[in-house]
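# Notes for the structure review
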Amino acid sequence: DIQMTQSPHSLSASLGENVSIECLASEGISNYLAWYQQKPGKSPQLLIYYVSRLQDGVPSRFSGSGSGTQYSLKINNMQPEDEGVYYCQQGYKYPLTFGSGTKLEIK
Amino acid sequence: EVLLVESGGGLVQPGRSLELSCAASGFIFRDFYMAWVRQAPKKGLEWVATISTSGTTTYYPDSVRGRFTISRDNAKNSLYLQMNSLKSEDTATYYCARRVRENYAHLAYWGLGTLVTVSS
């Protein structure tokens, strides 16, 4: 199985700050990497898929990059509604696997 | 608008069975792979099963293979998850989800989830 290692486990950021979350795959996943946001008591929401494709309706302050085994999610100009838990997910090979999550809070 | 509504969750004893359902609307159901993903209380996301558009191909992680069965009825726009031999570690909120598009195993639409509690 492909292991997805996210870092950091948690972070706090000030409004307007730029934030970055990393995801490391245990083997190459050919850019089949997605990012999800989950708010308390809510279902996950797809933000980005295939490394950098923004899902419909997602603000452009979210962006994704990476290749091979290393990927990152960047949030520019942190907003209050960006608080939540962020998960990466590889869609390259079954079983599909998620990272353990990064909790993002407002400082 | 894409809508996925899960049902069938509840309290069940270890070793017993339960079937979850997901009613889909707002898109051409037969054109999309569908999946179940679960989340144990205060834990992360765990993929549970995926089914192809026709239903002929299914995928499972080792943790549920042989106990869970995913199926679909394209005429009824419905997805199912038959769960047998349930264990306490199967306790979770179960989400029905749809792929973002063909050839990408990323999940763009999710239901609100249905809670399954396995306990005596």
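Quick caveat, the model's predicted, so the values are computed rather than measured.

So, on to the overall build of chain A. Helix and strand counts for chain A stand at zero helices and 11 strands. What you see in chain A, going N to C, is helices and strands ordered as β-β-β-β-β-β-β-β-β-β-β. Taking 2.2 N^0.38 as the reference for a compact globule, 107 residues should give roughly 13 Å; the C-alpha atoms of chain A span a radius of gyration of 13 Å, in line with that estimate. Considered along the principal axes of its C-alpha atoms, chain A spans approximately 35 × 25 × 25 Å. Residues classed as buried in chain A amount to 45% of the 107 residues present. Per element, the accessible surface of chain A, about 4900 Å² overall, is 44% carbon and sulfur. Counting 8 positive and 9 negative side-chain charges, chain A places the averaged centre of each group 3 Å from the other.

Okay, the nonpolar core next. Residues Trp36, Leu79, Leu81, Met83 and Tyr94 of chain B are the most contacted members of the largest nonpolar core, which totals 28 residues. Elements that contribute at least two residues to this core include exactly strand E3 (18–25), strand E4 (34–39), strand E5 (45–51), strand E7 (68–73), strand E8 (78–83), strand E9 (92–101) and strand E11 (114–118) of chain B. Per element, the largest residue contribution to this core is four residues, and it comes from E3 of chain B. Once you skip the residues sitting within four places of it in the chain, Met83 of chain B turns out to touch Arg16, Ser17, Leu18, Leu20, Arg67, Phe68, Tyr94 and Val116 of chain B. Formed by 22 residues, the second largest nonpolar core is a distinct cluster that contains Ala13, Leu33, Val58 and Leu73 of chain A.

Time to look at the environment of Ser7 of chain B. Residues and elements named next belong to chain B. By secondary structure assignment, the location of Ser7 is in strand E1 (residues 3–7). Here Ser7 falls in the partly exposed class, since its relative accessible area comes to 37%. Taking the C-alpha atoms as reference points, Ser7 and Leu79, 72 residues apart in sequence, are found 10 Å from one another. What Ser7 contacts, discounting residues up to four positions off in sequence, is Glu19, Leu20, Ser21 and Thr114.

Right, let's get into the state of the cysteines. Residue and element names in this part refer to chain B. Per the counting criterion, the structure on display carries two disulfides over all chains. Here Cys22 pairs with Cys96 through a disulfide, and the sulfurs are 2.1 Å apart. Between Cys22 and Cys96 the sulfur-sulfur dihedral comes to about -70°; the bridge is accordingly left-handed. Within this pair, whereas Cys22 is found in strand E3, its partner Cys96 is found in strand E9, the two being separated by 74 residues in sequence. Residue Cys22 shares its accessibility class with Cys96, and that shared class is buried.

What counts and how
- Residues numbered from 1 in each chain as written.
- Chains lettered and ligands numbered in written order.
- Predicted model: local features only at pLDDT ≥ 70, side-chain atom pairs only at ≥ 80, totals over all residues.
- Heavy atoms only, no water.
- Helix = DSSP H or I, 4+ residues; strand = E, 2+ residues; numbered from the N terminus.
- Rg over C-alpha atoms; globule rule 2.2 N^0.38 Å.
- Buried < 20%, exposed > 50% of the residue type's maximum accessible area, 1.4 Å probe, protein only.
- Areas by Shrake-Rupley, 256 points an atom, 1.4 Å probe, with all protein chains shown as cover.
- Lys, Arg positive; Asp, Glu negative; His and termini not counted.
- Charge placed at Lys NZ, Arg CZ, Asp CG, Glu CD.
- Core = buried A, V, L, I, M, F, W, Y, C linked by side-chain atoms within 4.5 Å.
- Contact = heavy atoms within 4.5 Å.
- Disulfide = S-S within 2.5 Å.

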